[in-house]
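Spelled out from the first residue to the last, the chains are:
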Amino acid sequence: MLEPVVKLVVLSPLLKWAGFYRHPFFLTGEKEVKISSEDEATIITGMLDILVFTPEFWVLVIEAKKTAYSLEVGIPQALAYMLASPNLEKPNYGFVTNGTDFIFLKLIQQEKLIDSESDLFSMHRRHNDLWNVLQILKGLSRLVVQM
């Protein structure tokens, strides 16, 4: 599957079922992101695939890849986009998929930036992993609504 098909066929239903298509959430696609170093000598520019946000903060940065690509290609890209979040003092979440494999990311600014990633969820390995991915997305949705 190509990247636009992954977004349409896999991501769109997951985001709907997780509750991200209703208040208090907003979605945008192909958002330009610019990240600069502290001395502004280095500037990274890119286009994140999907951003779920509220007026207060970014909820979820989503990076989609075509099925043939490993998630390892999208993880650094998603983390870089997460750095552009206006609220790094709150946890920032990322989600990378190629349509059959899924991984969640978390980035938070404490004394230094700390990032972590979930286990790999794969429809090839365990048939209920898509259900697990949906439950995690629903959990993120509920967490934000309760804030």
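Our structure's up above, just so we're on the same page.
All figures in this text were calculated on a predicted structure; none of them were measured in a lab.

Draft legend 1. View of a nonpolar patch on the surface. A cluster of nonpolar side chains, namely Leu2, Val5, Leu8 and Val9, defines an oily patch on the protein surface of about 370 Å² accessible area. Position of valine 9 among the secondary structure elements: in helix H1 (residues 3-17). Valine 9 sits in the partly exposed class, given a relative accessible area of 47%.

Draft legend 2. Representation of helix H2 (residues 71-82) in the model. Between its first and last C-alpha atoms H2 spans 16 Å; for 12 residues at 1.5 Å apiece the expected length is 16 Å, and the two agree. Within H2, the full set of buried residues consists of Leu71, Gly74, Ile75, Ala78, Leu79, Ala80, Tyr81 and Met82. For H2, the N-terminal cap is serine 70; the gap from its side-chain oxygen to the backbone nitrogen of glutamate 72 is 3.1 Å.

Draft legend 3. Just the environment of valine 59, in detail. Looking at the element boundaries, valine 59 is found in strand E3 (residues 58-64). You can call valine 59 buried: its relative accessible area is 2%. Between the alpha carbons of valine 59 and threonine 100 there is a distance of 22 Å; along the sequence they are 41 residues apart. Setting aside residues no more than four positions away along its own chain, valine 59 makes contact with Phe20, Phe25, Val52, Phe53, Thr54, Tyr93 and Val144.

Draft legend 4. Region of interest: the environment of phenylalanine 121. In this fold, phenylalanine 121 is placed in strand E7 (residues 121-122). Sequence separation between phenylalanine 121 and threonine 97 is 24 residues; the distance between their C-alpha atoms is 9.4 Å. In this structure, phenylalanine 121 is in contact with Thr100, Asp101, Phe102, Phe104, Asp129, Asn132, Val133 and Ile136, ignoring residues within four places of it in sequence.

Draft legend 5. Geometry of the environment of lysine 65. The residue lysine 65 is located in the loop between E3 and H2 in this model. Sequence separation of lysine 65 and lysine 7 is 58 residues, and the distance between their C-alpha atoms is 8.9 Å. There is a polar contact of 2.7 Å between the side chain of lysine 65 and the side chain of glutamine 77.

Conventions adopted
Numbers given for residues are sequential positions, taken from 1 along each chain in its written order. For this predicted model, a pLDDT threshold of at least 70 governs which residues receive local features, and a threshold of 80 or more governs which side-chain atom pairs are given and counted, while totals over whole chains, interfaces and linings are taken from all residues. Each side-chain value is derived from all of the structure's non-hydrogen atoms; neither hydrogens nor water enter the calculation. Each patch groups residues whose relative accessible area exceeds 30% and which form no salt bridge, using 9 Å between like charges and 5 Å between nonpolar side chains of Val, Leu, Ile, Met, Phe, Trp and Tyr. The protein chains shown are the only cover counted for residues, whose accessible areas, like all others here, come from Shrake-Rupley with a 1.4 Å probe. The salt bridge definition used is simple: a Lys or Arg side-chain nitrogen within 4 Å of an Asp or Glu carboxyl oxygen. Helix and strand definitions here come from DSSP, where helices need a minimum of 4 consecutive H or I residues and strands a minimum of 2 consecutive E residues; each element is numbered from the N-terminal end. Working definition: with a 1.4 Å probe on protein chains only, accessible area under 20% of the residue-type maximum means buried, over 50% means exposed, and in between means partly exposed. For a helix, the expected span equals 1.5 Å multiplied by the number of residues minus one. Identification of polar contacts relies on pairs of N or O atoms within 3.5 Å, with a donor-acceptor requirement for protein atoms, meaning one able to donate a hydrogen and the other able to accept it, and with residues adjacent in sequence counted only if both atoms are side-chain atoms. The contact definition used throughout considers only heavy atoms, calling two residues in contact when any of these lie within 4.5 Å.

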